[in-house]
Amino acid sequence: MTATRHDAPMTSSVGNPGAEKRGMNLTLRIWRQQGPTVKGKMVTYKITDISPDMSFLEMLDVLNEQLIMQGDDPVAFDHDCREGICGMCGVMINGQAHGPQQTTTCQLHMRSFKDGDSIDIEPWRATAFPIIKDLAVDRRAFDRIIQSGGYISVPTGTAPEAHATPVPKADSDAAFDAATCIGCGACVAACPNASSMLFTAAKVTHLGLLPQGQPERNDRVVNMVAQQDREGFGGCTNIGECSASCPKGISMETISRLNHDLLGALRAGARPKS
Amino acid sequence: MSLELFTEGEPIADTKAPTDVPIGERWSERQFRGRLVNPTNRRKMTIIVVGTGLAGGSAAATLGEAGYRVKSFWYQDSPRRAHSVAAQGGINAAKNYRNDGDSVHRLFYDTVKGGDFRSREDNVHRLAEVSVNIIDQCVAQGVPFAREYGGLLDNRSFGGTQVSRTFYARGQTGQQLLYGAYQALERQIAAGSVEQNARTEMLDLIVVDGRARGIVARDLVSGEISTHFADAVVIASGGYGNVFYLSTNAKGSNTTAIWRAHKRGAYFANPCYTQIHPTCIPVKGDYQSKLTLMSESLRNDGRVWVPKERGDDRPANDIPEDERDYYLERLYPSFGNLVPRDIASRQAKNVCDEGRGVGPGGLGVYLDFAEAIKRLGRPAVEAKYGNLFDMYAQITGEDPYVTPMRIFPAVHYTMGGLWVDYDLQSTIPGMFVIGEANFSDHGANRLGASALMQGLADGYFVLPSTISSYLADGPFDKIDESHPAVVEAVQGVQEQTQRLLSINGNRTPASFHRELGQLMWDLCGMERTDEGLRKAIDRIREIRQEFWSNLKVGGDWHSFNQTLEHAGRVADFIELGELMCVDALHRRESCGGHFRAESQTPEGEALRDDENFAYVAAWEWTPEGQPPVLHKENLEYEYVHLAQRSYK
Amino acid sequence: MTVEHAQRRTPKVAKTNSVFKKAVMAVTGIIMVLYLIAHVIGNLKAFSGAEAFNSYSGWIRTVGNPALPGETTLWVIRIVLLVAVVAHFWAAVSLWRQAKRARPQGYVTKKATAQSYASRTMRWGGVIIGAFIIYHILDLTLGTVNAEGFDSTPYERLVASFQNPFVTIFYAISVILLGMHLRHGIWSATQTLGQSNRRREKTVSLFAVAFATAITLGFLLVPLSVLFGLID
Ligand SMILES: Cc1cc2nc3c(=O)[nH]c(=O)nc-3n(C[C@H](O)[C@H](O)[C@H](O)COP(=O)(O)OP(=O)(O)OC[C@H]3O[C@@H](n4cnc5c(N)ncnc54)[C@H](O)[C@@H]3O)c2cc1C
Ligand code: HEM
Ligand code: SF4
Ligand code: FES
């Protein structure tokens, strides 16, 4: 396939490594489900001439264009930035959250597959993430976990001068690493317990490492953990599927940190708001 | 100028900035003269905020804290996904932490000049003033900005400025700033002061007795069309770069909120000012769905080149040094690879037009790190750019350490937007517009790291203060569903939705979107001509006609229907595209991101025409069949002297 | 009083949360591990002959005498262990049920990326270990299911049991499962108690493997020796 982006005089494709590659033919088995309360099932689709340079979502776009033209219902899936940062995309691909590479679904490219492959595509499955339709799920439970304490209370305009509190570089860097969580939900999807521990731990770690986060540190952790239980996520058993599936590589260390903070907070008498 | 394309109406002017005091005092003076709403009254007033990006998120949180009843809307599942999350480079602030001579005045000066003298001095000065508070606020929220070993904040120089005033959080500044605002917003949601409306798209503005009083929105999951009422409406729906189909925006980024508000009477300012970013990953095929930006910082060490010969299809590494054309270094000996965005973009287009482009379709130029790797060593290059190189490898499947990267310009930011005054109020009383959705601070070209600054300035500090002057007259009379204006708005939305579904033609919304985008890119992109723009306007009208007669959208509107969402957005993009072309056509000068081939220096640089075009073009929408009306806001420069840019 | 009432109620919420349950599991697990260490050392006394083994078993019944009367120490150990096992089991079952509720409909296709065999078998493995422990007590402590009956000496019961290859195989499987349980359990407990970090992670994992292997081998040594006639 060649792209035409403007009507400039075009020479034969110049130094194009992938020009002559033939597209792949694939069998897709996709979870189709009309709505949250309806039963779903896997449906098989054949798709042809897929370029290895396509992203996984572009491959789904191609399928959907065909479905629309045939008068069929296109496959619903969530996505927005398509550059691996918004956290909106995410499906199970052959049993792995975001597919065979440790990246977001939108950053997965078809060169990770080969001609003739069969690909199973399913939504994240968790009670706390009800299916909206097909591959799209509702992840607002994550927002409610943040609402329960994932912030520093600082009304606009009340902040002190930024340089008033130096932060050791190591803490600041570690806080940043934890803060890169994009809230995609792959950790929950991959976890055999459907636990949201890695997500919660990332936020507890981010804010808990900074001096600004100290005043609310105990309340934050007890409330966020209580909320994740209330949302119906499973409990963590330190298996590590989450971290291995996390596109941002949030580490298991954050979970240890959460546990540490939580036990400390309980000992100090912090109790969740009911 | 052909009369049928537009007519000219009364000039327009900002009346809110207190120009009777010196520029440095205007913002505090405005706040002092503005009216306040007392805390008990705030609880009786509702404010709708559309959007949860840096602008909308920070505004909703701040208004909630202030005690107003806020209703927040966004189209994604979570407010944390607003496209501000994708900003990489950084945020400017005049903190002068480096003691390198920066100041509020210098940031103001740089921004006005960078905007190629097409922005309003008062607004820009306020932006520079407020910039310092933003950093304080964000640090207090826990935004993990980069720090030095002493524990203090690090700064870098960005986008060719001579001072280091850019704060950053590795390559994810926008993400971290957004999460700060998002968390503040969630805190207010938990406190009950902000009502959340996730996956809800604004489809119309409700105007009653000349005041913005609410919106009509569609719940994207249930399909339900609902009305929401308020005493004021704030729109923070982001940029409209997706009119080009391919851009660095998110797939869902749209013009719908501002376009429908425009159709209700809000003037649209400078729609043609578009920023095209030079370092994006090139298009690979016609299935391409979006473009990915690679941080501009790459140009600090990478060298841009193409083969000297047309049609040279040898692999990059086989092309000998003397057969390469390092065209930026050749054309701009003093700035070299670091020329501003618009120049780097246009020159890339020029060499590709000459047939010297590389990669699929000849639409790319090399960005070569071989020399940097030799000079600094691979580990140093890895440390500096490792994550960008990885991202490039992930997307292209090529190893940039071995073969040069290929880059190509892509649409990145839209300086145009709804016209607002100093209070950020549009021409519809009670409707405020903030963030990328308004036109206010960047003139014809936005400097790097200034959009994040503007979004947060608007949302945290400016709007929450200025909106009270308007609300001091409230609360306004209650309205409900039965009000004729509301009935009319709801019916309009229902009819349009029904119409989109019932055409049942032969083309998908994406296919129309792609065609429109290609056309806009070709004829209203990096270089615009009289002839091209006229052709574009004709073609857009044809596309529009075909859209409304040959569109295919399956399903119904009482369900989660992403094709329907897309169709509605494309319908608005088509109309906006036409206005952009009209605006580009009428502005017979080159300035900032707007390059008219007819207006260039003998060396091929953009040539401004201050005599005739030192104004903001604010467009008034007119019903079908009548040309839009142009209202000019004259721009005067009291503090920064008009001068031609030069990067030779 | 309402205040008191409220005070009594809130901690309950805190203590039933998933992390707290995990902490219970970790602490009780560690208690059991400590016991196992002592237990394996005792078992190895079998190599020193019937005398030594029986006197060890007599010793645990009388430690602390005469300061503490009769079998006090043994009963303290038994009660602590019983409480530990019950609490451990309660927490395990309740987290298991929580996990089931958290994902009632499983994936059609699911691949494990990081999960080890040990971490995957914690639950069923735990159940088998539990069943084994019951059998083990009936067999060697109470003697109810032992060929030698309850009035034999511990050494006789030991030899009688492990001369039966089926008993030895069941024992071996259980002990290997226990080893795996500990291999994941030890790492897991450091996580749960908030003691793990990136620097320690490797060390903890290595230690868990080494420790689990040592315990497993230690427990296997005696029965295998009996089976192959090295001890009789
Ligand atoms: C890839 C990239 C990199 C960038 N890097 C930088 C940088 O380094 N420095 C810098 O200063 N700037 C940068 N920018 C620009 C800057 O990020 C944006 O201009 C800015 O973040 C826009 O913020 P916003 O709040 O106006 O809009 P957005 O963040 O786009 O938010 C829009 C919001 O409106 C909602 N919305 C939209 N339409 C509707 C509707 N119809 N109904 C309901 N809700 C709606 C969305 O859900 C969303 O919440 C970059 C931009 C891009 C694309
Ligand atoms: C009654 C039978 C048992 C059952 C049902 C059981 C079950 C479990 C389960 C489900 C876990 C959590 C799994 C995980 O973290 O992934 C666990 C953890 C653990 N178990 Fe057991 N177990 C049993 C007996 C034992 C015994 C006999 C010991 C020690 C001798 C032990 C030591 C541990 C340890 C140290 C942990 C780690 C605690 C933690 O995760 O924080 N368990 N057990
Ligand atoms: S922790 Fe990782 S996998 Fe989980 S939501 Fe955050 S980014 Fe996604
Ligand atoms: S679409 Fe944004 S992360 Fe994939």
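It should be noted that the structure appears before, not after, this text.
Keep in mind that this is a model prediction, so the values were computed, not measured. (Residues numbered from 1 in each chain as written. Chains lettered and ligands numbered in written order. Predicted model: local features only at pLDDT ≥ 70, side-chain atom pairs only at ≥ 80, totals over all residues. Heavy atoms only, no water.)

Caption draft 1: The arrangement of the chains, seen in detail. By number of contacts, the leading pair among the two pairs of chains in contact is chains A and B. You won't find any contact between chain B and chain C; their C-alpha atoms come no closer than 20 Å. (Contact = heavy atoms within 4.5 Å.)

Caption draft 2: Focus on the pairing of strand β7 (residues 200–208) of chain B. Residue and element names in this part refer to chain B. Buried residues dominate β7, accounting for eight of its nine residues. With eight bridges connecting them, β7 and strand β8 (residues 211–219) associate as antiparallel partners. Its bridge partner being in β8, V208 is matched across the sheet by R211. Remark: two residues form the turn of the hairpin made by β7 and β8, two consecutive strands paired antiparallel; D209 in that turn has positive phi of roughly 50°. (Buried < 20%, exposed > 50% of the residue type's maximum accessible area, 1.4 Å probe, protein only. Helix = DSSP H or I, 4+ residues; strand = E, 2+ residues; numbered from the N terminus. Pairing = 2+ DSSP bridges.)

Caption draft 3: Region of the structure containing the interface of chain C and chain A. Each partner contributes residues to the interface: chain C has 42 residues there, and chain A has 48 residues. With both sides pooled, the region where chain C packs onto chain A buries about 3,700 Å², and carbon together with sulfur makes up 51% of that total. At the boundary of chain C and chain A, one finds one salt bridge. The partner of R198 of chain C in a salt bridge is E253 of chain A, with the nearest N and O atoms 3.1 Å apart. Counting the contacts that link chain C with chain A gives 29 residue pairs in polar contact (both at pLDDT 80 or more). Here the residues of the side of chain C that touches chain A sort into 16 nonpolar, 19 polar and seven charged. (Buried area = accessible area lost by both parts, 1.4 Å probe. Salt bridge = Lys/Arg side-chain N within 4 Å of Asp/Glu carboxyl O. Polar contact = N/O pair within 3.5 Å; in protein donor to acceptor, adjacent residues only side chain to side chain. Nonpolar A, V, L, I, M, F, W, Y, C, P; charged D, E, K, R; others polar.)

Caption draft 4: Main features of the interface of chain A and chain B. Of the residues lining the interface, 90 residues belong to chain A; the matching set on chain B comes to 101 residues. For D177 of chain A, the salt bridge identified is with R170 of chain B, shortest N-O distance 3.2 Å. Seen at the junction of chain A and chain B, the total is 47 residue pairs in polar contact (both at pLDDT 80 or more). Within the residue set of the side of chain A that touches chain B, elements represented by two or more residues are α1 (56–69), β6 (131–133), β7 (136–137), α2 (140–147), α3 (169–179) and α5 (197–208) of chain A.

Caption draft 5: Looking closely at the pairing of strand β20 (residues 629–634) of chain B. Residue and element names in this part refer to chain B. Bridge count between strand β1 (residues 7–8) and β20: two bridges; the pairing is parallel. Bridging across to β20, T7 finds its partner in V629. Both strand β19 (residues 615–620) and β20 contribute to a ladder of six bridges, which runs antiparallel. Along β20, the bridge assignment pairs E620 with V629.

Caption draft 6: Broad picture of the coordination of the iron atom of ligand 2. All names here are of chain C. Around the iron atom of ligand 2, the protein supplies H88 (NE2) and H181 (NE2) as donor atoms, at distances of 2.0 Å. Taken together, the six donor atoms coordinating the iron atom of ligand 2 span angles of 82 to 180° at the metal, a pattern that classifies the geometry as octahedral. In this pair, H88 is assigned in helix α4 (residues 72–102) and H181 in helix α8 (residues 165–192), connecting sequence segments 93 residues apart. Residue classification places H88 among the buried positions, given a relative accessible area of 16%. Accessibility expressed as a relative area gives 17% for H181, which makes it buried. (Donors = N, O, S within 2.8 Å, 3.2 Å for Na, K, Ca; no water. Tetrahedral: all angles 85-135°; square planar, octahedral: opposite > 155°, others 65-115°.)

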